[in-house]
Structures are given as structure tokens and as C-alpha cells.
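Chain by chain, the residues:
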Amino acid sequence: MKTIKNHVNTKACNLLLGNILLTSALAAVFAAPAWADDAQFSNKLLLTGGVSQVEGSAGGGLTPWAVIGGYGSNNQIGGNVHYTYVKSSDYKLDTYGFTVGFYDRFEFSVAEQRFDVSKLRNKVEAAFPGAIGRDTLNQMIIGAKVRVFGEAILDADTWMPQVSVGIQYKENQDKDFIKSAVVGAKSDHGTDIYVAATKLFLDKNLLLNGTLRFTKANQFGLLGFGGDKHDNYQPMLEVSAAYLLRKDLTVGAEYRMKPDNLRSPLNPALQPLTGSNNSINLQEDDAFDVFVAYAPTKNISLTAAYVYLGNIATVDAVKADFGKQDAVYLSAQIGF
Amino acid sequence: MNFNIKAVIVALLASSTLTFTLPALAEVTEGTRSASLGNTPMEGTETFIAFGGKEGLVKIMDDFMIGLVADPRTKPFFDNNKQTFIKAMLVDQMCELMNGGCKYVGRDMKSSHANMKVNREGFNALVEQFQFAMDKHNVPFSAQNKLLAKLAPMYREIETTTGNAVPPVFAKTAE
């Protein structure tokens, strides 16, 4: 864990990894026709490994599912690299990483997130110089998941879902800032624990997933963990429904509850900066999305979604009314 | 725990429907499903019609077999002189599963795969080739999945290894 962290952590490495992923993604997209008939490459059924969700685990766009990532079957190892771009009205998020599935039993993933807050920074900078002091907030996520029982796809004659448990260890790299009075997080790292149940109702072309996550993360961890409102693990329900239109095309929707831990508006330390108790509003909302996932070949999955993220940070004093974040979500995943 | 309960239930069901059979032939009772069918048949006949009836199934199985022999993952299991027999058995089995008025008289899934070792990779590869064949004959996706939903649970009887696949060994006959 330590070694991986050290390797992935450095900025140079991040950029390099980003470039490699992007290059290989582009190369793979253009090389697609040559791979299309290579049936030996992967041995799960199309799209049944889910896609890489925003934190790097196999699932939908927002939610980890019980499926194990990669197209390896139960005697194989499979993996993928992914890049996800989320552009909301006032923010941007880049996520890239890799996911490896072992024997359809165990999944390991590493993801790096870069959350672009430059628009907020620019608005805030004139009134409160240095209050944000950076254009991006970064975090690294290491995920592990183990399938406990069930076959989401093949057990088509029972209601028994596939059930997995997983963790996502998250480490925010802007430690001092997110723990400062401006954000007010209690910690710069945290571990989400979840149990996910996924079931494909094959005769109805319908996949349902429910995930119960215990978390302290603020905005997925991008704003740290815990706050003055709450600094304890809270259960959050995440649900997904996907309808299979074709074997290579799925549409769906997801809802993800998120905690609301931060109480920046009432933080007295902010008063000298903003002149008011209510000028930075970090109230966190639940998120939902509607998505379409397309697998032009077995090795490539492309996901496009509309995501609603609600409020992330609103600063009335500088007219940064960023309270309702509608976002476009684009993700590409290349499997091996 | 769940596996154990399930195994017991499956064992009970299996033993309650167990019949002594002539070699390779399961007993068929008029008006009920074949004991060796592997799943309950569908209620209506919409899916069967979507497959083009028995005639459609025959064509699909012809292409299915070609795909199985062309796919290196399934070739060792199907590149043999049993193809005509297997295709006929599959047509009957699918036909009965889709309530098409046929009777499957073949062996159950466990004994018909007893002389080989099938793993998940091979099972999924077969499903994939079946999807290709159904696509080729324009079977609508939702009809495909209705049949696949009947077939997928048979992995429990068909898969006998999580290790390497072992192709079938046929007993030498005097004829």
C-alpha cells in the first residue's frame, strides 16, 4: 500500500499516468476494429463487469456495485484503466486510475482525482486573497472489494443477488487547506466501507443495485472527512437501476446519498475573512445521475451521463452562487 | 451458508424428480416437462415465435455450432462427430424451454457434461457464441434474454471446474 501510494502520489507521476492513460485510451479507441473479433481477450459477458465509477470501483457512474471489475472470469485476472471527466456549471473533476479483478472474487483499484475549483478561487480571490490559494483539490483513492456470494448475472432463476463488501481508502492531498477554517474538515483521510447487492433480472433486461456505504467523506472526500455538524460514520444508501437496450448498450439512473458534515458558515474563524457567518455555504446535497453506457467492443466501455451534484460551495459575498451543480459526465474505460 | 442451503434444496429437488432412465434417454411423461430439461418452460409462446419457431431454432443452432467450432475456447468441446446429435438435442431443449411443443429426450445437464470439465470461461464463451448466432438471425434482444435467463442457471450443473477446461472423452464404440 505504502509503495503504491508513494509512486502514485507525486505530481509528476500523476501527470505521467494521466498522459499514459489518455494516450492508451485514444490508441485503443482508434485500434478498436482490430480488437473487435479477438474473443480470447476477455471472458465475461459484455458490460457485466460494470464500468468504473467515479471513485474507481466497478459499478455505475456514482455507485460501486457488487460486480468485480475487469472481464476476467473465475480463473482469470482482468483489469482496466479508466479516465472520467465531470464538468459541472462551475467545477471540473478529472479521475483516472486502474482496476484489477482477480478470479471474479476480489477487486483492487487505484484512482486519482483532481477537482478544479479555479472558478470559485477567481471569484473569491479579490475579496479574500489567499482564502483558497489553489486551483485544484486532489485526492487518491485505493479500493478493495470482495464478492461474498451470489452470481449477479447467472443466477437468473432466483432473487438472490450478488453481494460484495468493499472499502475505499481516500487520502486528500491538500491536507492543510481542507482542515483549515475555510473548509473545516476534521481529517484529511478516511475509509468508506460499503456492502453492495447487485442483481440482473435477465428476462426483464433490468439490473438493480443497492449499496449501503458508511462514510465520513465530504464531497466524496474532495473536501476532507468529517466536520462540525458530524464527525462520525453515517450510513448512506446508493441505488442504481440499469436497463439493457442491447448487449452493448445500457441506460440507467442512480441516486447517491451523501453526508452533510461541514458547518463552515457558522465557523467563527471565517468571520474576519468574510465579514459574515453565512458567506461560505458548504452544505452538501445528495447526487443523482442518468447514464448511457456503450461497449463498442469488449475492451472498451464509454459512459455518458447527466449528474446533479447540488451545492458544493456557495459564497454569496462574491456572488459565487454555485448552489446547483448540473454536470456532464464522460468516462472511457479500456480493459485488458 | 447460503450455498449450503441452496445445495440442499437443489439436492432435494433433484432426488424428488430423479427417474431411472435408459442409457442417454430420460423418461418423458406426457403433459409435463421433461425431467432432464434443466429449467421450467416458459408460459407463453411469444419467445418461441420470436425465435422463428422450431425452423428458426434449427438455423440458429447450425450457425451456433459453426461459431462454437471457430472459437478456440469452445472448439475442443464441439469439434467432434457429435455435432449433429448435439444440435438436435439443443433444438429440442430450447424448443421445450420456450414452450414450443417439443419434448427434450436428452440427458440432464449434469450427466451430459460428465465426461468433460467445463469452466466459467468456456460457459461464457458458449453464451457469447449463442448471442452471435441469435443476433445473426435477428432474434430480438429481449427474447434472447428470456431464453438466456432459462439457460444461465444451468451453469451450476454444467460447470465442473474452476481450473483448466478438459474436453470430452468419448468411449470407443464397436460400430
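Residues numbered from 1 in each chain as written. Chains lettered and ligands numbered in written order. Predicted model: local features only at pLDDT ≥ 70, side-chain atom pairs only at ≥ 80, totals over all residues.

Student: I'm lost on the overall build of chain A in this one. Help?
Tutor: Across its full length, chain A holds five helices and 16 strands. Counting across all 336 residues of chain A, residues that qualify as buried make up 48%. (Helix = DSSP H or I, 4+ residues; strand = E, 2+ residues; numbered from the N terminus. Buried ≥ 20, exposed ≤ 12 C-beta atoms within 10 Å, placed from the backbone.)

Student: How should the overall build of chain B be read in this particular structure?
Tutor: Looking only at helices and strands, chain B has nine helices and zero strands in total. Ordered by position from the N terminus, the helices and strands of chain B form the series α-α-α-α-α-α-α-α-α. Burial analysis of chain B (175 residues in total) assigns 34% to the buried set. In chain B, of all internal contacts separated by at least 6 residues, the share reaching a separation of at least 24 is 77%. (Contact = placed C-beta atoms within 7 Å.)

Student: Just to check I follow, could you spell out the interface of chain A and chain B for this structure?
Tutor: With 20 residues of chain A in contact, the opposing surface of chain B contributes 25 residues. Taken together, the residues of the side of chain A that touches chain B break down into seven nonpolar, seven polar and six charged. (Nonpolar A, V, L, I, M, F, W, Y, C, P; charged D, E, K, R; others polar.)

Student: Quick question: what am I supposed to make of the sheet that holds strand β9 (residues 206-215) of chain A here?
Tutor: In any sheet, the strands associate via hydrogen bonds between backbone groups, in a parallel or an antiparallel arrangement. Residue and element names in this part refer to chain A. The strand order around the closed barrel formed by twelve strands is β3-β4-β5-β6-β7-β8-β9-β10-β11-β13-β14-β16, and the pairing between neighbours is antiparallel. The sheet shows a mean angle of 20° between the axes of neighbouring strands, direction not considered. In this structure, β9 lies alongside strand β10 (residues 234-246), joined through ten bridges in antiparallel fashion. The residue bridging Leu-207 from the neighbouring strand is Ala-242, located in β10. (Pairing = 2+ DSSP bridges. Axes fitted to C-alpha atoms, helices over the stretch in contact; angles between N-to-C directions.)

Student: Explain the nonpolar core to me, please; I cannot follow it from the model alone.
Tutor: As a rule of thumb, nonpolar side chains are buried together in soluble globular proteins. Ranked by internal contacts, the top residues of the largest apolar core, which has 49 residues, are B:Leu57, B:Ile60, B:Phe64, B:Met94, B:Met98 and B:Ala152. At the level of elements, β8 (189-201) and β10 of chain A together with α3 (53-70), α4 (75-78), α5 (83-97), α7 (120-136) and α8 (141-151) of chain B are the ones that each hand at least two residues to this core. Listed in part, the 46 residues of the second largest apolar core include A:Leu47, A:Leu62, A:Tyr91 and A:Val307. (Core = buried A, V, L, I, M, F, W, Y, C linked by C-beta atoms within 7 Å.)

Student: Help me understand the environment of A:Asn299, please; the structure alone is not making it clear to me.
Tutor: Here A:Asn299 shows up in the loop between β13 (287-297) and β14 (300-310). Residues A:Asn299 and A:Ile142, spaced 157 residues apart in sequence, show a C-alpha to C-alpha distance of 23 Å.

Student: Which parts of the structure should I look at to understand the confidence of the model for chain A?
Tutor: Note: predicted coordinates in regions of low pLDDT should not be interpreted at a detailed level. All names here are of chain A. Looking at chain A as a whole, the pLDDT averages 85, with 82% of positions reaching at least 70. Of all secondary-structure elements in chain A, the lowest mean pLDDT belongs to helix α2 (residues 11-35), at 39, while strand β7 (residues 162-172) reaches the highest, 98. pLDDT under 50 marks residues 1-42. Its contacts with residues more than four places away, or in other chains, come to 44 contacts. (pLDDT = per-residue confidence, 0-100.)

Student: Mind showing me how you'd approach unusual backbone geometry here?
Tutor: In terms of backbone geometry, most residues other than glycine have negative phi values and most peptide bonds are trans. Positive phi values are uncommon outside glycine, yet A:Asp104 reaches one of about 55°. For A:Asp104, the location among the structural elements is in the loop between β4 (92-102) and β5 (106-116). A:Asp104 sits in the buried class, given 26 other C-beta atoms within 10 Å. Of note, the phi angle at B:Asn138 is positive, near 55°, even though the residue is not glycine. Along the chain, the position of B:Asn138 falls in the loop between α7 and α8.

Student: Is there a simple way to explain α5(B) in this structure?
Tutor: Structural remark: α-helix, 3.6 residues per turn; residues separated by three or four positions point the same way. Residues and elements named next belong to chain B. In a regular helix each residue adds 1.5 Å, so 15 residues correspond to 21 Å; α5 covers 21 Å between its end C-alpha atoms and thus fits that length. Here α5 has its buried residues at Val-91, Asp-92, Gln-93, Met-94, Cys-95, Glu-96 and Leu-97. In the segment just after α5, Asn-99 is the residue with positive phi, at about 60°. (Expected span 1.5 Å × (residues − 1).)

Student: What is the right way to read the pairing of β4(A) from this model?
Tutor: As a general feature of sheets, a regular strand has side chains that alternate between the two faces. Residues and elements named next belong to chain A. As defined by bridge partners, strand β3 (residues 77-88) adjoins β4 across eleven bridges and the pair is classed as antiparallel. Its bridge partner being in β4, Lys-87 is matched across the sheet by Lys-92. A loop of three residues connects β3 with β4, the two strands running antiparallel in sequence. Here β4 pairs with β5 via eleven bridges, running antiparallel. Bridging across to β5, Thr-99 finds its partner in Ser-109. In sequence, β4 turns back onto β5 through a hairpin of three residues, with Tyr-103 there showing a positive phi of about 55°.

Student: It is not clear to me how the environment of A:Gln219 should be interpreted in this structure. Could you clarify?
Tutor: Residue and element names in this part refer to chain A. Of note, Gln-219 is situated in the loop between β9 and β10. Under the C-beta neighbour-count criterion, Gln-219 is labelled buried, with 28 such atoms within 10 Å. It is 16 Å that separates the C-alpha atoms of Gln-219 and Tyr-329, two residues lying 110 residues apart in sequence. Residues within four places of Gln-219 in sequence aside, it is in contact with Glu-284 and Ile-312.

Student: It is not clear to me how the packing of α3(B) against α5(B) should be interpreted in this structure. Could you clarify?
Tutor: Residues and elements named next belong to chain B. Look at α3 against α5: their axes get within 9 Å of each other, and the N-to-C directions meet at 135°. Judged by the angle between their axes, α3 and α5 are oblique. The interaxial crossing formed by α3 with α5 has right-handed handedness. Side by side, α3 and α5 meet where Lys-54, Leu-57, Val-58, Met-61, Asp-62 and Met-65 of the first sit next to Gln-83, Lys-87, Leu-90, Val-91, Met-94 and Cys-95 of the second. In terms of residue class, the contact of α3 with α5 is made up of eight nonpolar, one polar and three charged. (Parallel < 35°, antiparallel > 145°, perpendicular 65-115°, else oblique. Left-handed = near helix turned anticlockwise from the far one by under 90°.)

Student: Which parts of the structure should I look at to understand the pairing of β5(A)?
Tutor: Sheet topology note: the β5(A)/strand β6 (residues 136-149) of chain A ladder contains eleven bridges and is antiparallel. Bridge pairing links A:Glu112 to A:Met140 in β6(A).

Student: I would appreciate a short explanation of the confidence of the model for chain B in the present structure.
Tutor: All names here are of chain B. Of the residues in chain B, 79% reach a pLDDT of 70 or more, and the chain-wide mean stands at 84. Throughout residues 8-30 the model reports pLDDT below 50, and contacts reaching past four residues in sequence, or to other chains, amount to 18 contacts. Complex prediction metrics read pTM 0.83 and ipTM 0.80.

Student: Would you explain the environment of B:Gly122 in this entry?
Tutor: All names here are of chain B. Summarising the element assignment, Gly-122 is placed in helix α7. For Gly-122, a count of 24 C-beta atoms within 10 Å puts it in the buried group. For the pair Gly-122 and Phe-77, spaced 45 residues apart in sequence, the C-alpha to C-alpha distance is 9.2 Å. Excluding residues that lie within four positions of it along the chain, Gly-122 makes contacts with Arg-73, Thr-74, Phe-77 and Ala-165.

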